[in-house]
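Residues per chain are reported as follows:
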Amino acid sequence: MDGPHRKRLFGRRQGHRLSPRRQRQLEEHLPRLGLDPAALSAAPPASLFPVPVGEIHLEIGFGGGEHLAHQATRHPGTGFIGCEPFINGVSSLVDLIVTNRLSNVRLYDDDAADILDALPPASLDRVYLLFPDPWPKKRHNKRRFIGPENIARLARVLKPGGCFIFASDIADYVTWTLRHMRACPDFVWTAEGPGDWQAHPEAAPPTRYEAKTRAAGRIPAWLIYQRIGKSNERAGKGSSFNL
Ligand SMILES: C[S@@+](CC[C@H](N)C(=O)[O-])C[C@H]1O[C@@H](n2cnc3c(N)ncnc32)[C@H](O)[C@@H]1O
């Protein structure tokens, strides 16, 4: 269901109690770093950063924020929006932002669908969904982030030529995603061979979840989709694609 009555499908919002230092840090910096979805409808996303930014990237469910902070450090001219309802993860990213003096990150401590709905059309260059909650039981599969509604949201906000990067170590979620994405004519899967989906597409350190999964001997799959549209109508499988 859309709008304010949409059912929230994520798990815990709080794990262990934040230390007094982390609690103070959150209270001091979240008002400045936090993003109100209403602000996205009122102004171009680039104007929400205190430094000039070109591309805008979004990470859905950033967990502890390691990947997002790494990307933001590596690409200071790109604006990053991170969404994560788990407050311990938000605190961890706020700590990374403050420690590394990052000026190109804004975050939202709730459902990413709120941000996707508030963004202007064709306003994002890249969206990451790394190791989303797998909801492995059949009767819970519908809670997965990937589904027709969220795919339509992604198609609306990605620019033509922009990309959606998905990673999971759960084979059933990978085939689920391949199936749902194939049903959407706005995206093309960029893989040309197994090497393209078995290897991490960027020189980024593993996320916390990925490190655990690799330690357990599971190999994640990386699916990269390109948003097709007027400016790249003829692009598709086999067309050159660089991250
Ligand atoms: C399995 S964890 C992976 C975290 C991180 N990406 C990593 O690889 O370590 C999935 C995360 O997605 C978050 N999440 C679940 N539903 C979400 C939603 N609708 N919007 C934003 N984040 C969500 C959860 O709170 C959780 O932290």
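Whatever comes next refers back to the structure up there.
The residue numbers shown here count from 1 along each chain, following its written sequence. Reporting in this predicted model follows two pLDDT cut-offs: at least 70 for local features of residues, and 80 or more for side-chain atom pairs to be given and counted; totals over whole chains, interfaces and linings ignore these cut-offs and use all residues. With hydrogens and water stripped out, all remaining heavy atoms of the structure feed into the side-chain values.

## Side note on the site of the ligand
Right, on to step 1. The criterion for a residue being near a molecule or strand is simple. One of its heavy atoms has to lie within 4 Å of it. In the region of the ligand, 18 residues are neighbours, and G61, E84, D111, L130 and T207 sit closest.
Right, on to step 2. In protein, a polar contact requires one atom able to donate a hydrogen and another able to accept it; more generally it is a pair of N or O atoms within 3.5 Å, and residues adjacent in sequence count only if both atoms are side-chain atoms. Take G61: an N or O atom from its main chain is 2.8 Å from a nitrogen atom of the ligand.
Right, on to step 3. Within the side chain of D111, a nitrogen or oxygen atom sits 2.9 Å from a nitrogen atom of the ligand.
Right, on to step 4. Accessible areas in this description were obtained via Shrake-Rupley with a 1.4 Å probe; residue shielding takes into account the shown protein chains only. Protein contacts shield 87% of the accessible area of the ligand, which totals 600 Å² for the unbound molecule.
Right, on to step 5. Ten residue types, Ala, Val, Leu, Ile, Met, Phe, Trp, Tyr, Cys and Pro, are classed as nonpolar, four, Asp, Glu, Lys and Arg, as charged, and the remainder, Gly among them, as polar. Class assignment for the residues of the shell around the ligand results in 10 nonpolar, 3 polar and 5 charged.

## Comments concerning the nonpolar core
Right, on to step 1. The biggest cluster of nonpolar side chains holds 37 residues, and the ones touching the most others in it are L58, I60, I115, F164 and F187.
Right, on to step 2. For this core, the secondary structure elements donating two or more residues are β1 (56-60), β2 (79-83), α5 (112-118), β4 (124-130), α6 (148-157), β5 (158-168), α7 (171-182) and β7 (221-227).
Right, on to step 3. Sequence-distant contacts of F164, that is, excluding residues within four places in its chain, are made with V127, L129, I146, L154, L158, M181, F187, L223, I224 and Y225.
Right, on to step 4. By nonpolar core we mean a set of buried residues, namely Ala, Val, Leu, Ile, Met, Phe, Trp, Tyr and Cys, connected to one another through side-chain atoms within 4.5 Å. Relative accessibility under 20% of the residue-type maximum defines a buried residue, over 50% an exposed one, and the middle range a partly exposed one, all with a 1.4 Å probe and only protein chains included. L26, L30, L68 and L102 belong to the second largest nonpolar core, which has 17 residues in total. Per the convention used, a helix needs a DSSP run of H or I reaching at least four residues, while a strand needs a run of E reaching at least two, with both numbered from the N terminus. Any pair of residues with heavy atoms lying within 4.5 Å of one another is described as a contacting pair.

## Points about the packing of aromatic side chains
Right, on to step 1. Stacked, tilted and edge-to-face pairs are distinguished by plane angle, under 30 degrees for stacked and over 60 for edge-to-face with tilted covering the rest, among Phe, Tyr and Trp rings (Trp via its six-membered ring) whose centres lie within 6.5 Å. Evaluation of the coordinates by the stated rule reveals 4 aromatic pairs.
Right, on to step 2. Look at F164 and Y225: their rings are 6.4 Å apart centre to centre, the planes differ by 25°, and that puts the pair in the stacked class. Placement of the pair is F164 in strand β5 and Y225 in strand β7, with a sequence separation of 61 residues. Each member of the pair, F164 as well as Y225, carries the same accessibility label: buried.
Right, on to step 3. A network of ring pairs unites the aromatic residues F131, Y209 and W222 as a single cluster.
Right, on to step 4. Positioned above the aromatic ring of W135, the side-chain terminus of R143 is 5.0 Å from the ring centre.
Right, on to step 5. Positioned over the ring face of Y173 is R144, at 4.6 Å from the centre of the ring. Only Lys NZ and Arg CZ are tested; either one counts as a charge over a ring when it is within 6 Å of the ring centre and within 35 degrees of the ring normal.

## Some details on the environment of F164
Right, on to step 1. What makes F164 buried here is its relative accessible area of 0%.
Right, on to step 2. Taking the C-alpha atoms as reference points, F164 and L129, 35 residues apart in sequence, are found 7.7 Å from one another.

## Some remarks on the packing of helix α1 (residues 20-33) against helix α4 (residues 87-99)
Right, on to step 1. Contact geometry for α1 and α4: axes closest at 9 Å, N-to-C directions at 75°. The orientation of α1 relative to α4 falls into the category roughly perpendicular. Contacts between α1 and α4 involve R21, R22, Q25, L26, H29, L30, R32 and L33 from the former and I87, V90, S91, S92, V94, D95, I97 and V98 from the latter.
Right, on to step 2. Residues belonging to the contact of α1 with α4 are distributed by class as follows: 8 nonpolar, 4 polar and 4 charged. To obtain an axis, a line is fitted to C-alpha atoms, over the contacting stretch when the element is a helix, and the angle between two such axes runs from 0 to 180 degrees between their N-to-C directions. By the definition adopted for this analysis, an angle is roughly parallel if under 35 degrees, roughly antiparallel if over 145, roughly perpendicular if from 65 to 115, and oblique otherwise.

## Quick word on the environment of F62
Right, on to step 1. Mapping F62 onto the fold places it in the loop between β1 and α3 (66-74).
Right, on to step 2. With relative accessibility at 4%, the residue F62 sits in the buried group.
Right, on to step 3. Residues F62 and E84, 22 residues apart in the sequence, show an inter-C-alpha distance of 5.8 Å.
Right, on to step 4. For F62, the residues in contact, after removing those within four places along its chain, are L68, G82, C83, E84, G89, V90, L93 and L107.

Everything listed here is a matter of coordinates, which is why it stays silent on function.
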